[in-house]
Structure formats: C-alpha cells, structure tokens
Amino acid sequence: MGGNLTKSINLLGKSAEELRAILESLGEPAYRGAQIYHAIYAERRFDFAAMTNLPAALREKLAREAAINLPQIVRRYRSSDGTVRYVLALDEGKPANIEAVFMPEENRQTICISTQAGCAVDCEFCLTATLGLIRNLSAGEIVSEVLVALDDNRDSLKPQTNIVLMGQGEPLLNYDAVMAALRILLDPNGLAISPRHAALSTSGVIPGIERLAREKVRPLLAISLNASSNEQRDKIMPINRKYPLEKLLDACREYPLRPREWLLFEYVLLGGFNDSPEDARRVAKLLANLRAKVNLIPWNPGELPFARPAPARVAEFQKILVDKGILTFVRDSRGQDVMAACGQLSLAEAAAAAS
Ligand code: SF4
C-alpha cells in the first residue's frame, strides 16, 4: 500500500528536508534524501540509474515509486546572437506552455525564467498580459526551467550562471513557490547560483516586497518602473492604481539593503510616451537617495502600438540620470530575431496550434 501511495511522486522542487522525509517514508535512511538532493540539483542527474552513489536496490525502488519529471521542450528558437528561447510544456496540474530563455555571454550564461503561466497584471506593453493568468507554477516547475536550459546547453556552459525571474508572470504573486524554488537555486548544495547573480523583477507588488525584505536568502530586487508619474504609470501598468508610485518608492526606501546589494529599476523607453527629458528628470527625483541602478530598455516595435525611441532621446535620458549620480545602463533586449517581449512565444505557439 505504501508503494502505491508514493508511486511516481515527483521529486523535483523538493527541498533537502522534504527529500529526507520522503526517503524515510520509503523505509530508507534520511541521509539518502540529501544525496538525492545533491544528485538532482548539483549534478543534474535526472535518471535514478545514474545515481551510482546509491545502492542498486534503492535506485530500483526509486525508479518504481518516484520520478523526476522535467518539462518537455516543445520548441527551441535560436537567435543569431546565440540566445535560445524554449517553449516548455508543463503537464502536472492544468497543462500549460511557458517559456524560458538561455542567453550565453563570454564568461557566463543568463537564464530568464517564468513564474506563472500567463499573468494577471495586465501591463499594456506586454503580450503575456493578453493571455491572462493560466496558473501559478510550482517550485519544481520553476527550478526545472533552469535545469532544462542548463542541460540542453551542457556542452557549452560557462562557469557562472545568472538567473532572472523576468519571464511570464508576476513572481511576487506566486510568492511561496517562487521562494521555495529560489532556496534550491541559490543553495550552495543545490544549483549554487550566487544571490548576487539572481534578480527577481516585480511590477511593484508592495506586500511581496515587504515579505522579501525579511528573507534571509534572496535575489536582487528589480522594479519594473516604466513611468515617471502616477498618471503615466496608471496608463501602462494598471497595478499602479493599487500600489501607486509614492507608496512603491516608500517600500523601496524601507527595503533593508545589505552591503553590495542595490535595487534595480527597469525602464522600458516607449517612444513619445515616457522618454522625454522631463521624464528623465522626474525619474531622477523619484530615485533620489536610493541605492539604485537603472536599466533603460528601448522599446522594440512589435504588435503593440508603441514606437522605438530615437537613439538621441535614449542617450539624453541616460545622461540626465547619470548627471544626477544614478548608475544607468542602456540594454537592448536580446534574441530580437526570435521574438523579444515576454509572452510572444506562447502567443506564437497558440496561433500555430490554432492554425
Ligand atoms: S510585464 Fe510582467 S507583470 Fe506585467 S503583464 Fe507582463 S508578465 Fe505580467
């Protein structure tokens, strides 16, 4: 009976403590759980037969009663700049397709992951918003996006891995699963990603920011700002009506930054909408007295009705912030030839499925 109850229990996303408890429930010593934790996350072994530090009888038992269910790669889109976008099929719970993006650089790779299938936040400039919220991802599903991307590129991995929680979904609206996943991703015995090489991007969910402030281990916090006034932000990010700029920036000011920690503000420059010198001056005022970095992201024209800002406007915007002492970078989104904004792949897949 015990065998039936535990049959095909998915071990992905389980913490070391949970794995120890599962192994004990299978009548095995608890330390085997810690060995399996290391095998899955640190060694990326997804086949019990390959866990050769476990006794053969235990490997066979696990093969009968447990599973390590990675999502299927439905499609890969390879960009000329080396970026690979994955469409992954989740089949535990409500079936959903999500996406993860692998971006190789000289000395590292950055993996962008989703935390929800679809999103309820409804930002005007984001195609994921048009999907609505399909469902939250589990901790195992979030971790497995990183595992799949690393495994698929195992022959060309660089020593350092960065992760950004900037794919589909608002991470702070799936808080518990996101934090459970991050505890594994940032654990030196797990995937061992440095907390300084991980960033969580929020549209500004203040209660989530306040919770994150109290976490012992956490990624860098990135705020998707995108506007210089409430009036402007209300138009493109309806969440601003619930959590307006002044309250959001108060929460940022109260966020207890540690040494060598800073807040990252992302600002998508929408030509003719939020890219004027007055906008830049207002942003500089908003961010005064914050230990902040700003990423300016010139908009890529796509299906949505915004224009790419003129390069001179981008440069002027950056200069105004830099002159006010704010570290400001201009980032072009990568993989433009394989569709840039989050959510576009899912929409393309949906269209392909419907045609
Ligand atoms: S930008 Fe992020 S928070 Fe806003 S709708 Fe898109 S996925 Fe959701």
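Residues numbered from 1 in each chain as written. Predicted model: local features only at pLDDT ≥ 70, side-chain atom pairs only at ≥ 80, totals over all residues. Heavy atoms only, no water.

Draft legend 1. Geometry of the site of the ligand. Surveying the vicinity of the ligand reveals the residues Cys119, Val121, Asp122, Cys123, Cys126, Ala129 and Gly169. Classifying every residue of the shell around the ligand gives five nonpolar, one polar and one charged. (Near = heavy atom within 4 Å. Nonpolar A, V, L, I, M, F, W, Y, C, P; charged D, E, K, R; others polar.)

Draft legend 2. Structural view of the pattern of salt bridges. Inspection of every chain in the model, using the stated rule, returns 15 salt bridges. A salt bridge links Lys61 to Glu28, with the shortest nitrogen-to-oxygen separation between them at 3.0 Å. Of this pair, Lys61 sits in helix α4 (residues 56-65) while Glu28 sits in the loop between α2 (16-25) and α3 (31-42), and the two are 33 residues apart along the sequence. We note that Lys61, like Glu28, is buried. The salt bridge partner of Arg85 is Glu99, with a shortest N-O separation of 3.7 Å. With Arg85 in strand β4 (residues 84-90) and Glu99 in strand β5 (residues 96-104), this residue pair connects regions lying 14 residues apart in the sequence. For Glu99, a relative accessible area of 4% gives the class buried. (Salt bridge = Lys/Arg side-chain N within 4 Å of Asp/Glu carboxyl O. Helix = DSSP H or I, 4+ residues; strand = E, 2+ residues; numbered from the N terminus. Buried < 20%, exposed > 50% of the residue type's maximum accessible area, 1.4 Å probe, protein only.)

Draft legend 3. Structural context of α3. When the terminal C-alpha atoms of α3 are compared, their 16 Å separation across 12 residues agrees well with the 16 Å that a helix rising 1.5 Å per residue should span. Taken together, the buried positions of α3 are Arg32, Gly33, Ile36, Tyr37, Ala39, Ile40 and Tyr41. In this structure, the buried side of α3 is in contact with α2, α4, α5 (139-152) and α6 (175-185). (Expected span 1.5 Å × (residues − 1). Contact = heavy atoms within 4.5 Å.)

Draft legend 4. Examining the sheet that holds strand β11 (residues 220-224) more closely. Read from one edge of the open sheet, 10 strands run β3-β4-β5-β6-β9-β10-β11-β12-β13-β14, paired in mixed fashion. On the outer flanks of this sheet lie β3 (72-78) and β14 (327-330), each paired with one strand and no other. Across the sheet, the axes of successive neighbouring strands diverge by a mean angle of 20°, strand direction being ignored. With five bridges joining them, strand β6 (residues 108-112) and strand β9 (residues 160-165) adopt parallel strand pairing. The residue of β9 that forms the bridge with Thr110 is Asn162. (Pairing = 2+ DSSP bridges. Axes fitted to C-alpha atoms, helices over the stretch in contact; angles between N-to-C directions.)

Draft legend 5. Fine view of helix α7 (residues 206-213). Turning to α7, its buried residues number three or more, namely Ile206, Gly208, Ile209, Leu212 and Ala213. The arc that holds every buried residue of α7, seen down its axis, measures 160°, which confines them to one face. (Arc of directions from axis to C-beta.)

Draft legend 6. Fine view of unusual backbone geometry. For Asp122, which is not glycine, the phi torsion reads 75° and is therefore positive. Take Asp122: it is sitting in the loop between β7 (116-118) and β8 (133-136). A residue is classified by how much of its surface remains accessible, and Asp122, at 42% relative accessible area, is partly exposed. A positive phi angle, near 65°, is found at Arg260, a position not held by glycine. Inspection of the secondary structure puts Arg260 in the loop between α10 (245-254) and β12 (263-269). By relative accessible area, Arg260 is classed as exposed at 59%.

Draft legend 7. Spotlight on the nonpolar core. Among the nonpolar cores identified, the biggest contains 102 residues, and Leu191 and Phe265 are the most heavily contacted of them. Every residue in contact with Leu191, bar those within four places of it in the chain, is listed here: Tyr41, Val143, Val146, Leu147, Leu150, Ile184 and Leu185. (Core = buried A, V, L, I, M, F, W, Y, C linked by side-chain atoms within 4.5 Å.)

Draft legend 8. Quick peek at the packing of helix α11 (residues 277-286) against helix α12 (residues 311-323). Their axes nearest at 9 Å, the elements α11 and α12 cross at an angle of 30°. Of the possible angle classes, the one that applies to α11 and α12 is roughly parallel. The interaxial crossing formed by α11 with α12 has right-handed handedness. Each of Pro277, Asp279, Ala280, Arg281, Val283 and Ala284 in α11 lies in contact with α12, whose residues at this interface are Arg313, Glu316, Phe317, Ile320 and Leu321. Taken together, the residues of the contact of α11 with α12 sort by class into seven nonpolar, no polar and four charged. (Parallel < 35°, antiparallel > 145°, perpendicular 65-115°, else oblique. Left-handed = near helix turned anticlockwise from the far one by under 90°.)

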